[in-house]
There are 2 protein chains.
Amino acid sequence: MKRTAFFISDGTGLTAEALGHALLAQFEKIEFERVTVPYIDDEEKARDLVSRINKASEIDGERPLVFDTIVNGGIREIISRADGFMVDIFGTFLNPLEQELNSSSSYSVGKSHSINNAGSYERRIHAVNFALDNDDGARTRHYDEADLILIGASRSGKTPTCLYLALQYGIKAANYPITEEDLDDQKMPAALRPHKEKLFGLTIEPERLATIRNERRPNSRYSSLQQCMHEIEEIELMYKRERIPYLNTTAYSVEEISTRIMVTTGLKRHR
Amino acid sequence: MKRTAFFISDGTGLTAEALGHALLAQFEKIEFERVTVPYIDDEEKARDLVSRINKASEIDGERPLVFDTIVNGGIREIISRADGFMVDIFGTFLNPLEQELNSSSSYSVGKSHSINNAGSYERRIHAVNFALDNDDGARTRHYDEADLILIGASRSGKTPTCLYLALQYGIKAANYPITEEDLDDQKMPAALRPHKEKLFGLTIEPERLATIRNERRPNSRYSSLQQCMHEIEEIELMYKRERIPYLNTTAYSVEEISTRIMVTTGLKRHR
């Protein structure tokens, strides 16, 4: 059984998608055809969309689900005439919120992902550039500026996590790979020592690490299970010895790793 | 007037935040203190959170807004006893969806940002690595693999856009800076020619570009308004001559640039 689900917005559609995907994930037995339609910001586009929804309804033989975050009442009214099951997100919650806050909604479009939240937007872009410039131990002289320094074995997930923390939260995160040479010394790399309170460690199951490394450098010493086991064991010992908070990333997505780091470190989103 | 808003989840909290921020953005006159509390996955954490909400209510003199995407009914019930205005996202929409779909929700936690959506998650991480490896024209030999090649002047927003497209949609996006030498030739750079159908151009107001460049290299020729005007003029001419679709990014966030590229090119999220 296939069912079409539309995610509709007068802005980017990211909020409608986020909520719609979260709700649909609860219905594992049903296969959904997902269609995101952003920037429905005039009545003509709304009418074209109604035709598209009605056509999907005919083809599927069942009415599509329609998740929308459209702010404009007139456009929402047009959409509501489509042959779909409407999950009208703003329509459901804005009215009760207006009453509770004793304030009227500005009914303005595309607020939440716009550049107009200027300070916070620029901070996020700066944070992305910071993550790129201070990736993989390339430079250590800007660690004073960092909010966070992620450490861990090569390919344990440091770089994507730093980029996600930057884009989502505006966190300036550098990362530094712990290499075998660092471990042989049995002490923390010199560049990290002055910034101990900013360190957060990643670790990972050696089997998973070996799989990931093999994609980059097949059949090398670097990718061998033995080498991965050795590095991870030594790295976890160092985290414990130096009392560095750490997380095993094996079962987690970058979103989960990032939100768990935010909770553990107490870092706050930059706004 | 300050009002506290809680975003609560048994998973990452990203969905509750996305919806909550979108709704609160409609109330510009009110200052919100925003608190995200992810991973509320047992009753003890739920009771601690109720105390925290009640305390905020006392301090503010008004009950906080509570946006939650908690799936577990027992935990949601505990939260509902707090002295807050409840925006119960799953409670509101899951029941009607169950009826419409004639299927029961699995009531499983943290589905939408987990690694278990395995194919799609790995694709996103590969796409991030692809963006990093093929950033800034560093390598052009993998363009066969690219879904998209962003082109434009240095500092027109190519890199953050490629990273966002990778993390959000699993799109493999390379980027290539159009330099003065390319423009003097009056023809498209050789590395791009075989991939014309994958090209998407970014442009930007010269004033804005000069500001951004000045942050990197103050008072240089590269950052001068005259230079920026010259490059942008030539680049836009090239886009028109070669019929490359393009977007002026000046007023747009990376989220807006990315969603507009998705619409224009017809690229689809990898699932």
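Residues numbered from 1 in each chain as written. Chains lettered and ligands numbered in written order. Predicted model: local features only at pLDDT ≥ 70, side-chain atom pairs only at ≥ 80, totals over all residues. Heavy atoms only, no water.

**Topic: the UniProt feature "binding site: ADP" in chain A**
All names here are of chain A. Condition: UniProt positions are given in the numbering used here, feature names are shortened, and annotations may be inferred rather than shown by experiment. Strands are runs of DSSP state E lasting at least 2 residues, helices are runs of H or I lasting at least 4, and numbering of each runs from the N terminus. With a 1.4 Å probe rolled over the protein chains alone, any residue whose accessible area is under 20% of its type maximum counts as buried; one over 50% counts as exposed, and the rest are partly exposed. Note on contacts: a residue pair is in contact if any heavy atoms of the two residues lie within 4.5 Å.
According to UniProt, the "binding site: ADP" feature falls on G152, A153, S154, R155, S156, G157, K158 and T159. Note that A153 resides in the loop between β5 (148-152) and α6 (158-169). Using a relative accessible area of 1% as the deciding quantity, one classes A153 as buried. Excluding residues within four positions of it along the chain, A153 makes contact with K158, I178, L209, R213, E231, I232 and I235. Of note, S154 is situated in the loop between β5 and α6.

**Comments concerning the relation of the copies chain A and chain B**
Two chain copies, one operation linking them: a rotation about an axis together with a shift along it. Note the following rule: Copy-to-copy superposition: least squares on the C-alpha atoms, limited to residues that have pLDDT of at least 70 in both copies.
Expressed as a screw operation, the relation of chain A to chain B combines 0.0 Å of axial shift with a rotation of 180 degrees, fitting to an RMSD of 0.0 Å. In short, the pair behaves as if placed about a two-fold rotation axis. Mapped onto chain B, 100% of the interface residues of chain A are again interface residues, and the two copies thus contact each other with one and the same surface.

**Thoughts on the sheet that holds strand β4 (residues 85-88) of chain B**
Residue and element names in this part refer to chain B. We count it as follows: A strand pair is defined by DSSP finding two or more bridges across the two strands. Axis definition: a line fitted to C-alpha atoms, over the contacting stretch in the case of helices. Angles run 0 to 180 degrees between N-to-C directions.
If you trace the four strands from one edge of the open sheet to the other, you get β2-β1-β3-β4, paired in parallel fashion. Edge positions in the sheet fall to β2 (31-37) and β4, since each has one partner strand and no second. Shown here is a sheet whose adjacent strand axes are inclined to one another by a mean of 20 degrees, direction ignored. Direction of pairing for strand β1 (residues 2-8) relative to β2: parallel, over a ladder of seven bridges.

**Description of the interface of chain A and chain B**
Inclusion rule: Values labelled buried area give the accessible surface lost by two parts on being combined, using a 1.4 Å probe and summing over both. Any carboxyl oxygen of Asp or Glu within 4 Å of a side-chain nitrogen of Lys or Arg constitutes a salt bridge here. By the criterion applied in these results, polar contacts are pairs of N or O atoms within 3.5 Å in which, for protein atoms, one can donate a hydrogen and the other can accept it, and in which residues neighboring in sequence qualify only through two side-chain atoms.
Contacts between the two partners involve 80 residues from chain A and, on the opposite side, 80 residues from chain B. A combined buried area of about 7000 Å² lies between chain A and chain B, and 63% of that area is made up of carbon and sulfur atoms. Taken together, the connections running from chain A to chain B amount to twelve salt bridges. A salt bridge links B:E255 to A:R124; the shortest N-O distance between them is 2.3 Å. Connecting chain A to chain B are 26 residue pairs in polar contact (both at pLDDT 80 or more).

**Details of the confidence of the model for chain A**
Selection criterion: pLDDT expresses how confident the predictor is about each individual residue, on a scale running from 0 to 100.
Per-residue confidence for chain A gives a mean pLDDT of 93, with 98% of residues at or over 70. Overall fold confidence (pTM) sits at 0.92, and the ipTM for the predicted complex is 0.91.

**Some remarks on the state of the cysteines**
Definition in use: Note on terminology: pairs of cysteine sulfur atoms within 2.5 Å are recorded as disulfides.
Counted by the stated rule, this structure contains zero disulfides over all chains. Between A:C162, a free cysteine, and B:C162, which holds the nearest cysteine sulfur, the sulfur-to-sulfur gap is 19 Å.

**A few points about the pattern of salt bridges**
All told, the structure shown has 36 salt bridges over all chains when counted by the stated rule. Among the salt bridges present, the one from A:E122 reaches B:R208, with a minimum N-O distance of 3.8 Å. Within this pair, whereas A:E122 is found in helix α5 (residues 118-133), its partner B:R208 is found in helix α8 (residues 206-216), the two belonging to separate chains. In this structure, the salt-bridge partner of B:R47 is B:E43, at a minimum N-O distance of 3.9 Å.

**Remarks on the sheet that holds strand β3 (residues 65-68) of chain A**
Residues and elements named next belong to chain A. Across the sheet, four strands lie side by side as β2-β1-β3-β4; this open sheet has parallel pairing. The open sheet terminates on both sides in strands that have one partner only, identified here as β2 (31-37) and β4 (85-88). Each strand axis lies, on average, 20 degrees off the axis of its neighbour in the sheet, ignoring direction. Contacts from helix α1 (residues 14-24) reach β1 (2-8), β2 and β3 within the one sheet, and its direction differs from that of β1 by about 155 degrees. Strands β1, β2 and β3 of the sheet are contacted by helix α2 (residues 43-60), whose axis makes an angle of about 170 degrees with β1.

**A closer look at the nonpolar core**
Keep this limit in mind: Here, nonpolar core refers to any group of buried Ala, Val, Leu, Ile, Met, Phe, Trp, Tyr and Cys residues whose side-chain atoms link them within 4.5 Å.
Core analysis: the largest hydrophobic core is formed by 50 residues, its most contacted members being A:L148 and B:L148. With residues near it in sequence (within four places) discarded, B:L148 still touches B:L165, B:I171, B:K172, B:A173, B:A174, B:K198, B:F200, B:I261, B:T265 and B:L267. By size, the runner-up hydrophobic cluster in this structure holds 42 residues, among which are A:F85, B:A5, B:L19 and B:L97.

**Re the side chain of B:T203**
With respect to the helices and strands, the residue B:T203 is situated in strand β7 (residues 199-203). Beyond its immediate chain neighbours, meaning those up to four positions away, B:T203 contacts B:I232, B:E236, B:Y239, B:Y246, B:L247, B:N248, B:T249 and B:T250.

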